[in-house]
Amino acid sequence: MKFLKIKKRILALALIAATIIYPAVAVADDINDLGGVSSDDSSSDTVKKDATSSDAIGNMLLQSVSLMGIAYKWGGNTPDTGMDCSGFVRYVFKKSLGINLPRTAAEMAKVGKKVSPDDLEPGDLIFFNTRRGSNTHIGIYLGNNKFIQAPRTGENIKITEFDGWWRQHFNGAK
């Protein structure tokens, strides 16, 4: 029961945050720009949406923000077990758009259309180089120089400023 109250509070905060940081929506030029990504109907709890619509991008961003507070867990794929960065992004895309992304950040970096750092739009995936190598961390750009991520062990999914260390270790966007 306590978990449901906490989840409702998090969702309410997420909706408030989304309305503050989500003034406009960007869309892909074409669903084919997602290259290498599949969409399937195998999960009955997955919402099938046109990934190019502004409503779909908005719903995807709301889905991501609703997961704030979920614990990081290396290799984790669900809110119940915790999520790592790529598990978080993969879960959000599958749940909100019906799109199956590859499992790791490095594999995700190989699909989609490149985006210049100057042209980042809400919903773009941003990749980072960490101590483990290139494209080893991923987040979802929210707009207003903020992104959402599952950072590391001991932390929860959260919104982070895209500056300082993150800008220095930025490796590209899709």
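In this text the structure is predicted, and so the values were computed from the model without any measurement.

Cut-offs used in this document
- Residues numbered from 1 in each chain as written.
- Predicted model: local features only at pLDDT ≥ 70, side-chain atom pairs only at ≥ 80, totals over all residues.
- Heavy atoms only, no water.
- Core = buried A, V, L, I, M, F, W, Y, C linked by side-chain atoms within 4.5 Å.
- Buried < 20%, exposed > 50% of the residue type's maximum accessible area, 1.4 Å probe, protein only.
- Helix = DSSP H or I, 4+ residues; strand = E, 2+ residues; numbered from the N terminus.
- Contact = heavy atoms within 4.5 Å.
- Polar contact = N/O pair within 3.5 Å; in protein donor to acceptor, adjacent residues only side chain to side chain.
- pLDDT = per-residue confidence, 0-100.
- Expected span 1.5 Å × (residues − 1).
- Pairing = 2+ DSSP bridges.
- Salt bridge = Lys/Arg side-chain N within 4 Å of Asp/Glu carboxyl O.
- Phe/Tyr/Trp six-rings, centres within 6.5 Å; stacked < 30°, edge-to-face > 60°.

## A word on the nonpolar core
Counting 28 residues, the largest nonpolar core has Phe88, Val89, Phe93, Leu125, Ile138, Ile140 and Ile157 as its most contacted members. Among the secondary structure elements, those contributing two or more residues to this core are helix H2 (54-66), helix H3 (85-97), helix H4 (105-108), strand S5 (125-130) and strand S6 (133-143). Excluding anything up to four places from it in sequence, Ile157 contacts Leu67, Met68, Gly69, Ile70, Met83, Phe88, Ile148, Gln149, Ala150 and Pro151. Leu120, Ile126, Phe162 and Phe170 belong to the second-largest nonpolar core, a separate cluster that totals 10 residues.

## So, unusual backbone geometry
Residues other than glycine seldom take positive phi values, yet Asn144 does so here, at roughly 50°. One can find Asn144 in the loop between S6 and strand S7 (146-149). Since its relative accessible area comes to 45%, Asn144 is described here as partly exposed. Positive phi is not limited to glycine here, since Asn145 has a value of about 60°. Checked against the element boundaries, Asn145 lands in the loop between S6 and S7.

## A word on the side chain of Thr136
Inspection of the secondary structure assignment puts Thr136 in strand S6. One polar contact links Thr136 to Thr130, side chain to side chain, over a distance of 2.5 Å. Those residues in contact with Thr136, other than ones at most four positions away along the chain, are Cys85, Ala105, Phe128, Asn129 and Thr130.

## Regarding the confidence of the model for the protein
Close inspection of predicted coordinates is inappropriate in any region flagged by low pLDDT. Residue-level pLDDT values for the protein average 80, and 70% of them are 70 or greater. In this model residues 10-49 is a low-confidence stretch, pLDDT under 50, and it forms 77 contacts with partners more than four residues away in sequence or in other chains.

## Structural notes on H3
Taking 1.5 Å of rise per residue, the 13 residues of H3 would be expected to cover 18 Å, and the 18 Å separating its terminal C-alpha atoms lies within 8% of that figure. Of all 13 residues that make up H3, 10 are buried, and the element is covered over most of its length. Of all the residues in H3, the buried ones are Cys85, Ser86, Gly87, Phe88, Val89, Val92, Phe93, Lys94, Ser96 and Leu97. In the segment just after H3, Gly98 is the residue with positive phi, at about 75°.

## Side note on the pairing of S6
Within S6, 9 of the 11 residues are buried, which leaves it mostly tucked inside the rest of the structure. Bridge analysis of S5 against S6 gives 5 bridges, and the strand direction is antiparallel. Counted as the bridge partner of Thr130 is Gly133 from S6. Hairpin geometry of S5 and S6 is characterised by an intervening segment of 2 residues between the two adjacent antiparallel strands. Across 3 bridges, S6 lies against S7 in antiparallel orientation.

## A word on the pattern of salt bridges
The tally for this structure, following the rule as stated, stands at 4 salt bridges. In this structure, Arg152 and Glu155 form a salt bridge, with 2.6 Å as the shortest nitrogen-oxygen distance. Residue Glu155 is classed as buried on the basis of its relative accessible area of 18%. In this structure, Lys158 engages Glu155 in a salt bridge whose closest nitrogen and oxygen atoms are separated by 2.7 Å. With a relative accessible area of 32%, Lys158 lands in the partly exposed category. Taken together, the shared-partner salt bridges in this structure form one network comprising Arg152, Glu155 and Lys158.

## Concerning the packing of aromatic side chains
Applying the stated rule across the entire model yields 9 aromatic pairs. Centre to centre, the rings of Phe128 and Trp166 are 4.9 Å apart; their planes meet at 70°, and the pair counts as edge-to-face. One end of the pair, Phe128, is in strand S5; the other, Trp166, is in helix H5 (residues 165-168), with 38 residues separating them in the sequence. In this structure Trp166 comes out as buried when scored by relative accessible area, which is 15%. Aromatic pair Phe147 and Trp166: ring centres 5.3 Å apart, planes at 75°, arrangement edge-to-face. Of this pair, Phe147 sits in strand S7 while Trp166 sits in helix H5, and the two are 19 residues apart along the sequence. No difference in accessibility class separates Phe147 from Trp166, as the two residues are buried. Every member of this aromatic cluster is reached through a ring pair, and the members are Phe128, Tyr141, Phe147, Phe162, Trp165, Trp166 and Phe170.

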